[in-house]
Amino acid sequence: MWDRLWINARLATMTEGAAYGAVEKGAIASADGRIAWVGPLAELPDRPAALAREVIDLEGRWITPGLIDCHTHLVYGGNRAREFELRLEGASYEEIARAGGGIRNTVKATREASEEELRAGALPRLKSLLAEGVTTLEIKSGYGLNLETELKQLRVARSLGKDLPVTVSTTFLGAHALPPEFEGDSDGYIDAVCAMMPEVASSGLADVVDAFCETIGFSYEQTKRVFQAARDNGLPVKLHADQLSDLEGAKLAAEFGALSADHLEYTSEAGAQAMAEAGTVAVLLPGAFYFLRETKQPPLEAFRNAGVPIALATDSNPGSSPATSLLLMLNMACTLFRMTPEEALLGVTRHGAQALGLRESRGTLEVGKVADLCIWDIESPAELAYRIGFNPLVTSVKDGRDVECCSS
């Protein structure tokens, strides 16, 4: 018998075909933490009570795949509220960074924090995401900029995934910014990042390697060296690309078969085409666009025309997107970038899974995939992007079991 069977549900399977992959009057079953059956209620092979140990009548509520936040910097020390004030007084993000603020500010606080303190700071942020139905997310390092602290961040990220009902994918972002001890020697620091790579890989703490290819980050050639070191150590890559300028980061990500390229406001049509050919997902981050009051929108039509999968994420971080609401990102993507509600929901389900290299196991409601589900009290999936500050989640399901821990 199946472990659980949900009946009288409306399913947004997020598979190809009908809008949202919708199945009206549907049913879905789980066994051993995986989806065992999904389809129209009328096609069940027997009466529900004969098929499952537990039968749940959803009375017409919607089920989607568990939500996926594929780009976060959730583990860090301190906050940057003062820099928020400075920007409102006229300072730019780049000016603050060049004056020693920005990422370096968080680096200092993160280096000084213990693992227990970092975990305590991350927990409320993570629980806010869980309360909106996030069942899988990525957490980057990048606020240590030395091997000891980078590994500390990654250990905390791993621990969160072990202790809470969420799958955590970890990313080594050593090439995030230039630490103070390497002032004026960015090539020297890239040497140091590449030297960290074997230990990062052997530790098993990182699933992916990321870098910040930007005028206030690292050059195309420096980023390429980091990616080569990652490849030499068997780690896939993704990239912060083309956020503030077009350094051809999207093309570089595609050259290395990156899982994703993220931000992408300045990506060219050639960059979009290269991503399409490489199967690299475009991860758009409307929270950072909004918070930094940017005006250059990512080239959505170029991505659509090229057939690039488009994901969305919170980019939850202390400096440019202190956001812990993935549902809000759906609304922002629609209002700021003119995405459709269906595209937005795909961005935090099927395409979000692809951006993490997890499309074979989650992101859609299909037999054999992990039984990560969200049950919503809504009349249409479009409501998830339409409403602002409203959370219609009834419950989320992780590996076939109801998630109990939601409040912060």
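Rules and cut-offs
Residues numbered from 1 in each chain as written. Predicted model: local features only at pLDDT ≥ 70, side-chain atom pairs only at ≥ 80, totals over all residues. Heavy atoms only, no water. Axes fitted to C-alpha atoms, helices over the stretch in contact; angles between N-to-C directions. Helix = DSSP H or I, 4+ residues; strand = E, 2+ residues; numbered from the N terminus. Parallel < 35°, antiparallel > 145°, perpendicular 65-115°, else oblique. Left-handed = near helix turned anticlockwise from the far one by under 90°. Contact = heavy atoms within 4.5 Å. Nonpolar A, V, L, I, M, F, W, Y, C, P; charged D, E, K, R; others polar. UniProt positions renumbered as here; feature names shortened; annotations may be inferred. 1 Å grid on protein atoms, 1.4 Å probe; cavity = no way out; pocket = protein on both sides within 12 Å on 5 of 7 lines; lining within 4 Å. Polar contact = N/O pair within 3.5 Å; in protein donor to acceptor, adjacent residues only side chain to side chain. Buried < 20%, exposed > 50% of the residue type's maximum accessible area, 1.4 Å probe, protein only. Disulfide = S-S within 2.5 Å. Points joined across faces, edges and corners; volume = space filled by probe spheres on them. Phe/Tyr/Trp six-rings, centres within 6.5 Å; stacked < 30°, edge-to-face > 60°. Pairing = 2+ DSSP bridges.

## Thoughts on the packing of helix α5 (residues 115-130) against helix α6 (residues 147-163)
It is at 10 Å that the axes of α5 and α6 come closest, and there the two elements cross at 50°. Between α5 and α6, the crossing angle belongs to the class labelled oblique. The two elements α5 and α6 cross, and the hand of that crossing is right-handed. Residues Glu115, Leu118, Arg119, Ala122, Leu123 and Leu126 of α5 pack against Lys152, Arg155, Val156, Ser159, Leu160 and Asp163 of α6. Classifying every residue of the contact of α5 with α6 by side-chain character gives 6 nonpolar, 1 polar and 5 charged.

## Things to note about the UniProt feature "binding site: Zn(2+)" (unreviewed entry) in the protein
As recorded in UniProt, the feature "binding site: Zn(2+)" (unreviewed entry) lies at His71, His73, His240 and Asp315. Spanning 245 residues, the named residues form one tight spatial group whose C-alpha atoms are at most 12.3 Å apart. Of the residues named above, His73, His240 and Asp315 line the largest cavity. Its place among the elements puts His71 in the loop between β6 (67-69) and α2 (81-88). In this structure, His71 is in contact with Glu138, Lys140, His240, Asp262, Val283, Leu285, Ala313, Thr314, Asp315 and Ser316, ignoring residues within four places of it in sequence. In this structure the side chain of His71 is engaged in a polar contact, spanning 2.7 Å, whose partner is the side chain of Asp262. Secondary-structure assignment places Asp315 in the loop between β13 (310-312) and α13 (326-337). Residue classification places Asp315 among the buried residues on the basis of a relative accessible area of 1%. With residues near it in sequence (within four places) discarded, Asp315 still touches His71, Thr72, His73, His263, Leu285, Ala288, Ser320 and Ser321.

## A few points about the state of the cysteines
Per the counting criterion, the structure on display carries 0 disulfides. The closest cysteine sulfur to the non-disulfide-bonded Cys194 is located on Cys213, 14 Å from its own sulfur.

## Topic: the environment of Pro341
Here Pro341 shows up in helix α14 (residues 341-347). In this structure, the C-alpha to C-alpha distance between Pro341 and Ala385, residues 44 residues apart in sequence, is 5.7 Å.

## Some details on empty space enclosed by the protein
Enumeration according to the criterion identifies 2 cavities of 30 Å³ or more in this entry. The computed volume of the largest cavity comes to approximately 120 Å³. In terms of lining residues, the largest cavity is bounded by 13 residues, among which His73, Tyr93, His176, Asn317 and Ser320 are the most central. Size it by volume and the second largest cavity reaches roughly 50 Å³.

## Quick word on the packing of aromatic side chains
Under the defined criterion, the tally for this structure stands at 7 aromatic pairs. Measuring from centroid to centroid gives 5.5 Å for Phe227 and Phe256, while their planes differ by 70°, and the two rings are edge-to-face. Here Phe227 is found in helix α8 (residues 220-232), whereas its partner Phe256 is found in the loop between α9 (249-255) and β11 (260-263), with 29 residues between them in sequence. Phe256 carries the same exposure label as Phe227, and that label is buried. Taken together, the ring pairs in this structure connect Phe182, Tyr189 and Phe218 into an aromatic cluster.

## Some remarks on the side chain of Glu83
Take Glu83: it is sitting in helix α2. What makes Glu83 buried here is its relative accessible area of 5%. Within the structure, Glu83 has its side chain in polar contact with the backbone nitrogen of Gly102 (distance 2.8 Å). Leaving out residues up to four positions away in the same chain, Glu83 has contacts with Ile96, Gly101, Gly102 and Asn105.

## Focus on the sheet that holds strand β10 (residues 239-241)
Read from one edge of the open sheet, 8 strands run β6-β7-β8-β9-β10-β11-β12-β13, paired in parallel fashion. Because the sheet does not close on itself, it has two edges, and the strands there are β6 and β13. Within the sheet, the average angular offset between the axes of one strand and its neighbour, ignoring direction, is 25°. Pairing of strand β12 (residues 281-284) with β13 involves 3 bridges; the strand directions are parallel. Note on β13: the bridge partner recorded for Ala282 is Ile310. Along the sheet face, α6 touches β7 (134-140) and β8 (167-175) and points at about 170° away from the line of β8. The sheet contacts of α8 involve β8, β9 (208-213) and β10, and relative to β9 the element is tilted by about 175°.

## Describing the environment of Leu123
In this structure, Leu123 sits in helix α5. For the pair Leu123 and Ala113, spaced 10 residues apart in the sequence, the C-alpha separation amounts to 15 Å. Residues within four places of Leu123 in sequence aside, it is in contact with Leu160 and Leu164.

## Comments concerning unusual backbone geometry
The phi dihedral of Met14 falls on the positive side, at around 60°, and the residue is not glycine. Its place among the elements puts Met14 in the loop between β1 (2-12) and β2 (22-31). Met14 sits in the buried class, given a relative accessible area of 1%. Backbone geometry at Leu264 places phi at a positive 75°, although glycine is not the residue there. On the basis of relative accessibility, which here comes to 0%, the residue Leu264 falls in the buried class.

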